[in-house]
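Examining the three-dimensional arrangement
This is what each chain is made of:
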Amino acid sequence: MKTYIYPENLRANVKLWFWNARDFIIICVGIILSVIVLVNLWNVIPIALTACYGFLSLRVDDSAIMDYLFNAVKFFVTSQQKYFWYKGD
């Protein structure tokens, strides 16, 4: 088996600066569409949404703010918590 110099022997996710490739493509498409909307309709909401998505999807050490928020919502809102109380000896 060959070993490569690339991180984790070619098994690492593709990263472009601080984003995964999928997030980077979504941000680029969002910027293009936001500029088109800004020029035609003078609406800055799409640019703000794209900037928020870009900030939330920043990846440092393989963790992102968006991942943390999804896990927090899953833990506190959508999943049931079970607590078992018993009287100790």
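The preceding data block contains the structure.
Read on for a plain summary of the structure. (Residues numbered from 1 in each chain as written. Predicted model: local features only at pLDDT ≥ 70, side-chain atom pairs only at ≥ 80, totals over all residues. Heavy atoms only, no water.)

Notes on unusual backbone geometry
In plain terms, the rule: Secondary structure counts use DSSP, requiring at least four H or I residues in a row for a helix and at least two E residues in a row for a strand, with both numbered from the N terminus.
Positive phi values are uncommon outside glycine, yet Trp-42 reaches one of about 55°. Note that Trp-42 resides in the loop between helix 1 (21–41) and helix 2 (45–56).

Description of the environment of Arg-59
Where we set the bar: Contacts are assigned to residue pairs with any non-hydrogen atoms lying within 4.5 Å of each other. We define a polar contact as two N or O atoms separated by no more than 3.5 Å, with the added condition that, inside protein, one atom must be a possible hydrogen donor and the other a possible acceptor, whereas residues neighbouring each other in sequence contribute only through side-chain atom pairs.
Residue placement: Arg-59 occurs in strand 3 (residues 59–60). Remark: the alpha-carbon pair of Arg-59 and Phe-18, spanning 41 residues in sequence, is separated by 5.3 Å. Once you skip the residues sitting within four places of it in the chain, Arg-59 turns out to touch Lys-15, Phe-18, Asn-20, Asp-23, Ala-64 and Asp-67. A distance of 2.9 Å separates the side chain of Arg-59 from the side chain of Asp-67, its partner in a polar contact.

Describing the side chain of Asn-20
With respect to the helices and strands, Asn-20 occurs in strand 2 (residues 19–20). Other than its neighbours up to four places away in sequence, Asn-20 contacts Asn-13, Val-14, Lys-15 and Arg-59.

Digging into the environment of Lys-15
Among the structural elements, Lys-15 can be located in strand 1 (residues 15–16). Sequence separation between Lys-15 and Asp-62 is 47 residues; the distance between their C-alpha atoms is 9.9 Å. Once residues within four sequence positions are removed from consideration, Lys-15 is found in contact with Asn-20 and Arg-59.

Brief notes about the packing of helix 2 against helix 3 (residues 65–78)
Packed helices, taken two at a time, are described by their axes: the angle between them and the distance between them. How we decide: Between the N-to-C directions of two axes lies an angle of 0 to 180 degrees, each axis being a line fitted to C-alpha atoms and, for a helix, fitted only over the stretch in contact. Should an angle fall under 35 degrees it is taken as roughly parallel, and over 145 as roughly antiparallel, whereas 65 to 115 is taken as roughly perpendicular and any remaining angle as oblique. Lys, Arg, Asp and Glu make up the charged group, whereas Ala, Val, Leu, Ile, Met, Phe, Trp, Tyr, Cys and Pro make up the nonpolar group; the residues left over, Gly among them, are polar.
Orientation of helix 2 relative to helix 3, taken along the N-to-C sense of each, is 85°, at an axis distance of 7 Å. Here helix 2 is positioned roughly perpendicular relative to helix 3, judged by the angle of their axes. Within the contact between the two elements, helix 2 uses Tyr-53, Phe-55 and Leu-56 and helix 3 uses Ile-65, Met-66 and Leu-69. Classifying every residue of the contact of helix 2 with helix 3 by side-chain character gives six nonpolar, no polar and no charged.

A look at a nonpolar patch on the surface
How we decide: For patches, a residue must show more than 30% relative accessible area and have no salt bridge; joins then use 9 Å for like charges and 5 Å for nonpolar side chains, namely Val, Leu, Ile, Met, Phe, Trp and Tyr. Per-residue and other accessible areas were derived by the Shrake-Rupley procedure at a 1.4 Å probe size, with only the shown protein chains allowed to occlude residues. A side-chain nitrogen of Lys or Arg and a carboxyl oxygen of Asp or Glu constitute a salt bridge if their distance falls within 4 Å. Exposure is judged per residue with a 1.4 Å probe applied to protein chains only, and the accessible area is read against the type maximum: over 50% gives exposed, under 20% gives buried, and values in between give partly exposed.
The grouping of Val-14, Leu-16, Trp-17, Phe-18 and Val-60 at the surface amounts to a nonpolar patch, some 550 Å² of accessible area in total. Take Val-60: it is sitting in strand 3. Residue Val-60 is classed as exposed on the basis of its relative accessible area of 51%.

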